[in-house]
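# Notes for the structure review
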Amino acid sequence: MEIRQLEALAAVVTSGSVTAAGRMLDRSQPVVSRQISDLEDELGFSLFVRTRPTITLTPQGAEFYQDVRRVMADL
């Protein structure tokens, strides 16, 4: 797990889209998508339900995001 993946997760949640998260982080949308996908693979569960044009946290994703917020605040 990398800090850049956690930053990507936080940006997607905050902005509501992968494209907007990419703009926030000065990364391309495919890079942010890959970081989220790699994080999901590592965790073994989906963080988001993807129904175009929206993206919403899964229950497990919401719980994990709360942990990420605490970690990011501590950094």
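My aim in this report is to walk through the structure given alongside it, one point at a time. These figures come from a predicted structure and were not determined experimentally.

### Some remarks on the packing of aromatic side chains
Going through the model one piece at a time under the given rule, you end up with 1 aromatic pair. Seen from their ring centres, F45 and F64 are 6.4 Å apart, and the 80° between their planes marks the pair as edge-to-face. Separated by 19 residues along the polypeptide, F45 in the loop between α3 (29-43) and β1 (48-51) and F64 in helix α4 (residues 59-74) bring together distant segments of the chain.

### What to know about the pairing of strand β2 (residues 54-57)
Pairing analysis gives 4 bridges linking β1 to β2, with the strands arranged antiparallel. Each bridged residue has a counterpart across the sheet, and for F48 the counterpart in β2 is L57. Between β1 and β2, which pair antiparallel and follow one another directly, the connecting turn spans 2 residues.

### What to know about the pattern of salt bridges
Summed over the entire model, instances satisfying the criterion amount to 4 salt bridges. When the shortest N-O distance is used, the salt bridge between D38 and R34 registers 3.1 Å. In this pair, D38 and R34 are both assigned in helix α3, 4 residues apart and thus about one turn of the helix distant. Between R70 and D67 there is a salt bridge; the shortest N-O distance is 2.4 Å. Of the two residues, R70 and D67 both sit in helix α4, 3 residues apart, roughly one turn of that helix.

### Some points on a nonpolar patch on the surface
A cluster of nonpolar residues, I3, V71 and L75, forms a patch on the protein surface that exposes about 290 Å² of accessible area. Looking at the element boundaries, L75 is found in the segment after α4. A relative accessible area of 71% means that L75 is categorised as exposed.

### Topic: the packing of helix α1 (residues 3-15) against α4
The N-to-C vectors of α1 and α4 enclose an angle of 115°; their axes lie 10 Å apart at closest approach. Every pair of crossing elements has a handedness; the one defined by α1 and α4 is left-handed. Contact residues: I3, L6, E7, L9, A10, V13 and T14 in α1; F64, Y65, V68 and M72 in α4. Class assignment for the residues of the contact of α1 with α4 results in 9 nonpolar, 1 polar and 1 charged.

So, how was this worked out
- Residues numbered from 1 in each chain as written.
- Predicted model: local features only at pLDDT ≥ 70, side-chain atom pairs only at ≥ 80, totals over all residues.
- Heavy atoms only, no water.
- Phe/Tyr/Trp six-rings, centres within 6.5 Å; stacked < 30°, edge-to-face > 60°.
- Helix = DSSP H or I, 4+ residues; strand = E, 2+ residues; numbered from the N terminus.
- Pairing = 2+ DSSP bridges.
- Salt bridge = Lys/Arg side-chain N within 4 Å of Asp/Glu carboxyl O.
- Patch = residues over 30% accessible without salt bridge, like charges linked within 9 Å, V, L, I, M, F, W, Y side chains within 5 Å.
- Areas by Shrake-Rupley, 256 points an atom, 1.4 Å probe, with all protein chains shown as cover.
- Buried < 20%, exposed > 50% of the residue type's maximum accessible area, 1.4 Å probe, protein only.
- Axes fitted to C-alpha atoms, helices over the stretch in contact; angles between N-to-C directions.
- Left-handed = near helix turned anticlockwise from the far one by under 90°.
- Contact = heavy atoms within 4.5 Å.
- Nonpolar A, V, L, I, M, F, W, Y, C, P; charged D, E, K, R; others polar.

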